[in-house]
Amino acid sequence: MNITTLMSSLGIRSTLKGFHYVRFGLELCMENEDYLLFVYKVLYTKIAEKYGTTQNGVEACIRTAVSNCWYKGNRRLLCEIAGYELTQKPTNGEFIDILYRYLKLEKE
């Protein structure tokens, strides 16, 4: 499954800026896993540079995308992808990590 299909399946609309930020962030993580260690300082900076915005703007838009998935999207699929029951909305970093791990396993 590719990144765009996965995110659409989770109920994240491509009309959200966060959709594009998460997609690009996951592409970066797939190339270099180290981005997962420094989500705010390095990953958000790279995304902000590409889209001409700030780290805080990236963080807020990704948080909106995560909330959209959690409250309006396919929460059941997110838990399935995570491999365990999520009892609360994941943080941005957790969300990116969950999707990254799933995509990595799918790729292997």
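For the structure itself, look to the data block above.
Everything numeric in this text was worked out from a predicted model, so none of it was measured. The residue count restarts for each chain, going from 1 along the sequence in the order it is written. With pLDDT at 70 or above as the cut-off, local features in this predicted model cover only qualifying residues; side-chain atom pairs require 80 or more to be listed or tallied, and sums for whole chains, interfaces and linings still use all residues. Each side-chain value is worked out from all heavy atoms of the structure, with water and hydrogens disregarded.

**Q** Residues and numbers for the pattern of salt bridges, please.
**A** Close approach of charged atoms allows side chains of opposite charge to pair. When a carboxyl oxygen of Asp or Glu is within 4 Å of a side-chain nitrogen of Lys or Arg, the pair counts as a salt bridge. Inspection of every chain in the model, using the stated rule, returns 4 salt bridges. Linking glutamate 59 and arginine 63 is a salt bridge whose minimum nitrogen-to-oxygen distance equals 2.5 Å. You can see glutamate 59 and its partner arginine 63 sitting in helix 4 (residues 55-72), 4 residues apart, about one turn around the helix. Type-normalised accessible area, obtained with a 1.4 Å probe on protein chains alone, sets the label of each residue: buried when under 20%, exposed when over 50%, and partly exposed for intermediate values. Arginine 63 sits in the partly exposed class, given a relative accessible area of 38%. Only DSSP runs of H or I with at least four residues qualify as helices, and only runs of E with at least two residues qualify as strands; both kinds are numbered from the N terminus onward.

**Q** Please set out the state of the cysteines residue by residue, giving values where relevant.
**A** Cysteine sulfur atoms that pair up within 2.5 Å are treated as a disulfide. Counted according to the given criterion, the structure contains 0 disulfides. In this structure cysteine 29 is a free cysteine whose sulfur lies 17 Å from that of cysteine 69, the closest cysteine sulfur available. The exposure class assigned to cysteine 29 is buried, which follows from its relative accessible area of 0%.

**Q** Now, about the packing of aromatic side chains: what can you tell me, with residues and values included?
**A** Any Phe, Tyr or Trp ring, taking Trp's six-membered ring, that has another such ring centre within 6.5 Å forms a pair; planes under 30 degrees apart are called stacked, those over 60 apart edge-to-face, and the others tilted. For the structure shown, the criterion picks out 3 aromatic pairs. Where tyrosine 21 meets tyrosine 51, the ring centres are 5.0 Å apart and the plane angle is 50°; that geometry is what we call tilted. Of this pair, tyrosine 21 sits in helix 2 (residues 17-31) while tyrosine 51 sits in helix 3 (residues 39-51), and the two are 30 residues apart along the sequence. By relative accessible area, which is 5% here, tyrosine 21 ends up buried. Aromatic pair tyrosine 40 and tyrosine 44: ring centres 5.6 Å apart, planes at 70°, arrangement edge-to-face. Pair noted here: tyrosine 40 and tyrosine 44 are both in helix 3, with a separation of 4 residues, about one helical turn. On the basis of relative accessible area, tyrosine 40 is assigned to the partly exposed category, the value being 37%.

**Q** Explain a nonpolar patch on the surface to me, and be specific about the residues and the numbers.
**A** Like-charged residues are merged into a patch within 9 Å and nonpolar side chains (Val, Leu, Ile, Met, Phe, Trp, Tyr) within 5 Å, provided each residue has over 30% relative accessible area and no salt bridge. Only the protein chains shown count as covering a residue, and every accessible area follows the Shrake-Rupley method with a 1.4 Å probe. A surface patch of nonpolar side chains, about 290 Å² in accessible area, is lined by Leu37, Phe38 and Val42. With respect to the element layout, phenylalanine 38 can be found in the loop between helix 2 and helix 3.

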